[in-house]
Amino acid sequence: MCECFLQYKNTMPSLSDNQAFLLANGYMVTPGEADNIAAVLCSASANPAFPPDSDPDTVDVQFKDSFIKGGATAYDDEVRKMWADLLCSELNQPGFFSKKTLGILKSMDRGDVEAFKTLCSFSLNTRNSTRPVPVITTINGEGWSYNDNGITVDQLGALDALGLIDKNTWTTYTLNAHSSQSYQFHNGSILVSNNTDRITKFDFGNALFLPVGIELASLCEIGTADSICDLAKAATRSKGLTISVL
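Criteria and thresholds
Residues numbered from 1 in each chain as written. Predicted model: local features only at pLDDT ≥ 70, side-chain atom pairs only at ≥ 80, totals over all residues. Heavy atoms only, no water. Helix = DSSP H or I, 4+ residues; strand = E, 2+ residues; numbered from the N terminus. Buried < 20%, exposed > 50% of the residue type's maximum accessible area, 1.4 Å probe, protein only. Contact = heavy atoms within 4.5 Å. Salt bridge = Lys/Arg side-chain N within 4 Å of Asp/Glu carboxyl O.

### Thoughts on the side chain of Ser193
Relative to the helices and strands, Ser193 resides in strand β8 (residues 188–194). Overall, the relative accessible area of 12% leaves Ser193 in the buried class. When near neighbours in sequence (up to four residues on either side) are disregarded, Ser193 contacts Leu175, Ser179, Ser180, Leu241 and Thr242.

Given below as structure tokens:
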């Protein structure tokens, strides 16, 4: 590797160090793309979740190629961080991320990543499921945003177009009479209780994480919005259910 690096630097002095390093690994990229990849790798190595004994040679070749191509296009810090976190997660759990997920992340810009993280902050986790539950409620009077202007209609539309969510589908839950279900947010949980004598169906709003969205959501913090509990209460109030914060 070192010999290849030095050979490229000697024969093509215009190459940056990052370019020469990547070329020695078989990847020809522009100076800007090389810097992007280097920034992603530095960010990943600084992550506490980065396995210190990881061996690049054991990484799946298809993942490695897709990762390099995707990381090369990460010109924004938010996008770079997503790629860095993805690498750490993949090294700890090889094969978790699909080629489709890497392709969609490659197409995402800063606005897309910010919108996705915002949606994750307005979501809950459920036991025995890896699919977060978006809490989408209280559309404003002008019809342009949800959750007290926390996320816009356009942002949800963009995430839908990317294939991360389906904004026209949702999960319906069923609570038997005098029963309850728990849902987790960032630093606690809520208990939804049906204290009536009838079976009650309810949902938290119109959005559903699709498989690619589920994979990328594993890189994000779920339920960090300050209003998540109030929004969950608003979503279920009309059903006569009781929500307790645990």
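From this point, things continue past the structure.
### Structural notes on the pattern of salt bridges
Under the counting rule described, the total for this entry stands at five salt bridges. Here Lys117 and Glu78 are joined by a salt bridge, their closest N and O atoms 3.1 Å apart. Here Lys117, found in helix α7 (residues 110–121), pairs with Glu78, found in helix α5 (residues 77–92); they are 39 residues apart in sequence, far enough to count as distant. For Lys81, the salt bridge goes to Asp85, with nearest N and O atoms at 2.8 Å. Remark: Asp85 and Lys81 occur in helix α5; sequence separation between them is four residues, near one turn of the helix. A relative accessible area of 12% means that Asp85 is categorised as buried. Through salt bridges that share partners, Asp76, Arg110 and Glu114 make up one connected network.

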